[in-house]
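What follows is each chain in one-letter form.
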Amino acid sequence: MQTKEQWTSKLGFILASAGSAIGLGAIWKFPNTVATSGGGAFFLIFILFTLLIGMPLLLAEFFIGRSTGKEAISAYKDLAPKSKWHYVGYLGMATCFLLLSFYSVVGGWILLYFARSLMGSLLHAGQAYGDLFNQTVADPTFSVLAQFCFMLITILVVGMGVKRGIERSSRILMPGLFILFVILLIRSLTLPGMMEGVRYFLMPNFDNMTGAAVLNALGQSFFCLSVGVSVMVTYSSYLSKKESLTRSAISVVSLNVLTSLMAGLAIFPALFALGMKPTEGPGLLFVTLPAVFEKMMGGGVFIAIFLALFLFATFTSAFSMLEILVAGFSKNDPLKRKRLSWVFGGLIFLVGVPFALSFGVLSDVTIFGKSLFDAADFAVTNILMPLGVFLIAIFVGYRFPRERLLEEMKSEPKLWRKGLAVYIFLLRYIIPVAIIIVFLNVMGLLPV
């Protein structure tokens, strides 16, 4: 009989879960969305939605995983035997597989830029950073090699297991991420003229809010917590029955909101102080921010710190995506874990190669007018993840055995136990409707 994988402590679980949730979504996508959705007003609405929508969904995955002590597919089979609900686990695995296949491409770009920053070859006066980025992503050799290196590190960490691999690395990377953030915050908030950026980010101005911006905040609230792909089902299955799931969820949500706050305060004051405007997508990280740091004293050091921060966040998310695949088939067998880490990691790399080449030699290949990379991103973000979130909310709201849920609630504070009826109401009626509205909005089917 194989020894069941388990976190060595609640802190290890929280750091790993927060690392999975934070990723590029909180640090990269969040500032972009803020910049195009009303600044401080968006941030306030995002926090409300995260508490009312995102955290209940996170708890739902925690309940599924911890109550069974099994990875996603087996967990659904345990809770709903002789049904098709275990396909939600397969959906999560497929989503993570596709997501990591193009996410690793971005991870490779960050590795390349980080290496350049360490060598002092990234920042130069008069450097055309847009051209540099285009040349980097169009180069087939460097793009694929960088993606390979990113996946290799991910495979090695996940192959070592939950305790020695994921938890140990998270205990180093997550505190390191916040230390780097503090250094950047101090630098950003000491720039002349930085207050305009602070006001833009933190002072709500509802005159600029639109219906689309509100829906963006709603979508960001559950995307930023890594819910909908059953990663948190697998992670919580390694958690002791003695730990409070609600307190763990609050800790993960708090760390995520804190990270989003720190990302905004590190980026917007610097941009406004140096007379630049936020841009969307890769342009923010690879074009705008290098131009910002170039104008700073000690900019070479700070761009290296910033890229290291992004790299840490990218790796912690990648670990969780590969873990759900490995855990689903290894069944706590350490030999199978290592072998499956290489098998799934290798397959993800191979599937990701066309995405890495979609900015260069395969740039003419499109799907519904989108590049291969953008098509995969759209499928995951706008179709697969919302579908997963919707199904998980329905499952816990209607199908999760009530006696099992009450059993899980015994370790929770009395206040949370009293609020169980409200929680079930949210999962049954409010959250599914909210998810449908977000889906219709991103698909362009909802006039706002």
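Here, the structure is the one placed above.
A look at the packing of aromatic side chains
In the structure shown here, the tally under the stated rule is 26 aromatic pairs. Aromatic ring contacts, followed pair by pair, group Phe102, Trp109, Tyr113, Phe133, Phe286, Phe355, Phe359 and Phe373 into a single cluster. Arginine 116 extends its terminal NZ or CZ atom over the ring of tyrosine 113, reaching a point 5.4 Å from the ring centre. Seen from the ring of tyrosine 398, arginine 428 lies directly overhead, with NZ or CZ sitting 4.8 Å from the centre.

Brief notes about helix α18 (residues 420–442)
Compared with the 33 Å implied by 1.5 Å per residue over 23 residues, the 31 Å span of α18 between its first and last C-alpha is a close match. Of all the bends in α18, the largest measures some 40° and sits at leucine 426. Those residues of α18 that fall on the buried side of the exposure criterion are Leu420, Tyr423, Ile424, Leu427, Ile431, Pro432, Ala434, Ile435, Val438 and Asn441. Looking one or two places after α18, you find glycine 444, whose phi comes out positive at around 75°.

A short note on the packing of helix α2 (residues 40–68) against helix α15 (residues 372–399)
Interaxial distance between α2 and α15 falls to 10 Å at its minimum, and their mutual angle equals 65°. Between α2 and α15 lies a crossing of left-handed hand. Side by side, α2 and α15 meet where Leu57, Ala60, Glu61 and Ile64 of the first sit next to Val389, Ile392, Ala393, Phe395 and Val396 of the second. Among the residues making up the contact of α2 with α15, the classes are represented as eight nonpolar, no polar and one charged.

The rules behind each value
Residues numbered from 1 in each chain as written. Predicted model: local features only at pLDDT ≥ 70, side-chain atom pairs only at ≥ 80, totals over all residues. Heavy atoms only, no water. Phe/Tyr/Trp six-rings, centres within 6.5 Å; stacked < 30°, edge-to-face > 60°. Lys NZ or Arg CZ within 6 Å of the ring centre and 35° of its normal. Helix = DSSP H or I, 4+ residues; strand = E, 2+ residues; numbered from the N terminus. Expected span 1.5 Å × (residues − 1). Bend = angle between axes of the 7 residues up to and from the residue. Buried < 20%, exposed > 50% of the residue type's maximum accessible area, 1.4 Å probe, protein only. Axes fitted to C-alpha atoms, helices over the stretch in contact; angles between N-to-C directions. Left-handed = near helix turned anticlockwise from the far one by under 90°. Contact = heavy atoms within 4.5 Å. Nonpolar A, V, L, I, M, F, W, Y, C, P; charged D, E, K, R; others polar.

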